[in-house]
Amino acid sequence: MSHFEEVLEQYEPMISSIIRKLNIYREFEQFRQAGRIALWQAWSRFDETKGDFAPFAYRSIYGALLDELKRETRFSDVHVPAEDDLLEYASTDTDGHTSALSRLEDVLLNLTTAEKELLILLYEDRVTQTACAAHFGISVAGVKKRRERLLAKLRGQLGN
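What comes next is a walk through the structure. (Residues numbered from 1 in each chain as written. Predicted model: local features only at pLDDT ≥ 70, side-chain atom pairs only at ≥ 80, totals over all residues. Heavy atoms only, no water.)

Along the chain, the position of Y11 falls in helix α1 (residues 4-21). Residue Y11 is classed as buried on the basis of its relative accessible area of 8%. Spatially, the C-alpha atoms of Y11 and L39 are 8.1 Å apart, while their sequence positions differ by 28 residues. Residues in contact with Y11, not counting those within four places in the same chain, are L39, F53, A54 and A57. (Helix = DSSP H or I, 4+ residues; strand = E, 2+ residues; numbered from the N terminus. Buried < 20%, exposed > 50% of the residue type's maximum accessible area, 1.4 Å probe, protein only. Contact = heavy atoms within 4.5 Å.)

Our next topic: the nonpolar core. Among the nonpolar cores identified, the biggest contains 20 residues, and Y11, I18, L39, F53, I61 and L65 are the most heavily contacted of them. Listed by contribution, the elements that provide at least two residues to this core are α1, α2 (28-45) and α3 (53-78). The element best represented in this core is α1, accounting for 7 residues. With 16 residues, the next largest nonpolar core counts L104, L119, C132 and V143 among its residues. (Core = buried A, V, L, I, M, F, W, Y, C linked by side-chain atoms within 4.5 Å.)

Right, let's get into unusual backbone geometry. Its identity as a non-glycine residue notwithstanding, E27 has a phi of 55°, on the positive side. By secondary structure assignment, the location of E27 is in the loop between α1 and α2. Relative accessible area serves as the criterion here: at 35%, E27 is assigned to the partly exposed category. Although it is not a glycine, R126 adopts a positive phi angle of roughly 55°. Residue position: R126 is located in the loop between α6 (113-124) and α7 (129-136).

A few words on α6. Between the first and last C-alpha of α6 there are 15 Å, a value that for 12 residues agrees with the 16 Å anticipated at 1.5 Å per step. Where α6 ends, the next residue or the one after it, R126, has phi of about 55°, a positive value. (Expected span 1.5 Å × (residues − 1).)

Here we come to the packing of α7 against helix α8 (residues 140-159). Between α7 and α8, whose axes approach to 8 Å, the crossing angle comes to 100°. Accordingly, the angle class assigned to the pair α7 and α8 is roughly perpendicular. Residues Q129, T130, C132, A133 and F136 of α7 form the contact with α8, whose participating residues are V140, V143, K144, R146 and R147. Each residue belonging to the contact of α7 with α8 can be placed in one class, and the counts come to 5 nonpolar, 2 polar and 3 charged. (Axes fitted to C-alpha atoms, helices over the stretch in contact; angles between N-to-C directions. Parallel < 35°, antiparallel > 145°, perpendicular 65-115°, else oblique. Nonpolar A, V, L, I, M, F, W, Y, C, P; charged D, E, K, R; others polar.)

All chains considered together, the criterion is met by 7 salt bridges. Of the charged contacts in the structure, one is a salt bridge between E148 and R147, with a shortest N-O distance of 2.6 Å. Among the residues examined, E148 registers a relative accessible area of 39% and is labelled partly exposed. Judged by its relative accessible area of 7%, R147 falls in the buried class. Members of the salt-bridge network, linked through shared partners, are E12, E29, R32 and R36. (Salt bridge = Lys/Arg side-chain N within 4 Å of Asp/Glu carboxyl O.)

Quick look at the structure:
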């Protein structure tokens, strides 16, 4: 184990395995890179007199990925993501200003009360997803799922 490239090639499946074990389902490359960095740090800190490298590498990678998950969760709880300016684009179309606005109004009329409330809380009032979760009495993951469904619905109706 004199060259890190050899170590990385050998332990890349371990990184993938830990990603699957932690049920990471998005931003794979970001987490894979965090696992590689943790492997490199473990490789540089490893002392052969204290035991085998594989368990040490596993715990180091696992811990680093957990830290990255916590960091992502904290970030997403605090920041409200902007959605590709979809609503802004639809409302400021210079060529067909009234048609874009009327299409947007038609789409908004077809939303349920809960969808309208979520849309207003997230994008007009800029309330965090955590606060929305408390408002609706659901989890943050539930708010994220509702938001994704709502945006998909808006995209589908405005895209036509």
